[in-house]
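A structural walkthrough
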Amino acid sequence: MSDFKSYKDLDIYVISMELFLSLHPKTLKLPKYELYELGSQTRRSSDSVVSNIVEGYGRRKYKADFIRFLVFSHASCLETINHIYKITVLYPDLKREFDPLVPMYENLGGKIFNFMSYVEKNWK
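I will try to describe carefully the structure that is included in this document. What you see is a predicted model, and the numbers here were worked out from it, not measured in a lab.

Let's talk about the packing of aromatic side chains
Counted under the stated rule, the structure contains 9 aromatic pairs. Judged by centre distance (6.4 Å) and plane angle (70°), the rings of Tyr7 and Tyr57 are edge-to-face. With Tyr7 in the segment before α1 (11-27) and Tyr57 in helix α3 (residues 38-58), the pair connects residues that are 50 residues apart, well separated along the chain. Take Tyr7: its relative accessible area is 23%, and that puts it in the partly exposed class. Ring centres of Phe66 and Trp123 lie 5.0 Å apart, and the angle between their planes is 70°; on these two criteria the pair is classed as edge-to-face. Taken as a pair, Phe66 in helix α4 (residues 63-90) and Trp123 in the segment after α6 (101-122) lie far apart in primary sequence, 57 residues in all.

So, the side chain of Asn52
Among the secondary structure elements, Asn52 is positioned in helix α3. Since its relative accessible area comes to 11%, Asn52 is described here as buried. Polar side-chain contacts of Asn52 include one of 2.8 Å to the side chain of Ser48. Beyond its immediate sequence surroundings of up to four residues, Asn52 is in contact with Phe69, Phe72, Ser73 and Ser76.

Observations concerning the packing of α3 against α4
Contact pair α3 / α4: the axes reach a minimum separation of 8 Å and the direction vectors enclose 160°. As judged from the angle between their axes, α3 and α4 are roughly antiparallel. As for the relative orientation of α3 and α4, their crossing is left-handed in sense. Of the residues in the contact of α3 with α4, the class split is 11 nonpolar, 11 polar and 3 charged.

Let's talk about α3
With 21 residues, α3 should reach 30 Å at 1.5 Å per residue; the first-to-last C-alpha distance of 30 Å fits that figure. Remark: the principal bend of α3, roughly 25°, maps to Ser48.

As for the environment of Phe69
Along the polypeptide, Phe69 turns up in helix α4. Assessed through its relative accessible area of 7%, Phe69 is described here as buried. In this structure, the C-alpha to C-alpha distance between Phe69 and Glu55, residues 14 residues apart in sequence, is 7.0 Å. Among residues more than four places away in sequence, those in contact with Phe69 are Asn52, Glu55, Gly56 and Arg59.

Details of the pattern of salt bridges
All told, the structure shown has 5 salt bridges when counted by the stated rule. The residue Lys95 makes a salt bridge to Asp99 at a minimum N-O spacing of 3.1 Å. A single network of salt bridges, built from pairs that share partners, joins Glu55, Arg59, Asp65 and Arg68.

Calculation notes
Throughout, residues of each chain are indexed from 1 in the direction in which the sequence is written. Where totals are concerned, whole chains, interfaces and linings use all residues; where local detail is concerned, this predicted model gives features only for residues with pLDDT of at least 70, and gives and counts side-chain atom pairs only at 80 or more. Derived side-chain values reflect all non-hydrogen atoms in the structure, with water molecules and hydrogen atoms excluded from consideration. Think of it this way: a Phe, Tyr or Trp ring, Trp meaning its six-membered ring, pairs with another when their centres are within 6.5 Å, and the plane angle makes it stacked under 30 degrees, edge-to-face over 60, tilted otherwise. Runs of H or I in DSSP of at least four residues are treated as helices and runs of E of at least two as strands, each being numbered from the N terminus. Burial classes: relative accessible area under 20% of the type maximum marks a residue as buried, over 50% as exposed, and values in between as partly exposed (1.4 Å probe, protein chains only). Each polar contact in these results corresponds to two N or O atoms within 3.5 Å; when the atoms are within protein, one needs to be able to donate a hydrogen and the other to accept it, and residues that are neighboring in sequence are counted only if both atoms are side-chain atoms. Note on contacts: a residue pair is in contact if any heavy atoms of the two residues lie within 4.5 Å. The axes are straight lines fitted to the C-alpha atoms, using for helices just the contacting stretch, and the angles between their N-to-C directions are given from 0 to 180°. Any angle that is under 35 degrees is reported as roughly parallel, and any over 145 degrees as roughly antiparallel; angles of 65 to 115 degrees are reported as roughly perpendicular and all others as oblique. By the definition used in this description, the sense in which the near helix is turned from the far one sets the handedness, with an anticlockwise turn below a right angle giving left-handed and a clockwise turn giving right-handed. Residues are grouped as follows: Ala, Val, Leu, Ile, Met, Phe, Trp, Tyr, Cys and Pro are nonpolar; Asp, Glu, Lys and Arg are charged; all remaining types, including Gly, are polar. Given a helix with a known number of residues, its expected span is that number minus one, times 1.5 Å. The angle between axes fitted to the seven-residue stretch ending at a residue and the seven-residue stretch beginning at it gives the bend at that residue. When a carboxyl oxygen of Asp or Glu is within 4 Å of a side-chain nitrogen of Lys or Arg, the pair counts as a salt bridge.

Set out below in structure tokens:
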């Protein structure tokens, strides 16, 4: 099927996990009333990027399922970027902390998209 022995061999997994681990504690700095609103949504979408890569890889025997979960991961990546944008607008004092994550998530989104294309064309 592939040269990957584990989902942990995928760059998109490694990057998405690092971003999740970086983003999570930052969201806990939001005001208390946002911890379970925008903070929770941001944590969940970021976690979804990683989790869908792992679940998709677990279904890699079924190419269409693998691609479907990569699509979910890509969509969650875009959702996370949107949540970060909302945080930076609503809480300008957190802008310096959150802004650097946007190009990282945009880069990750491109990598997920490219990997989806690779799976579509090359996965047996």
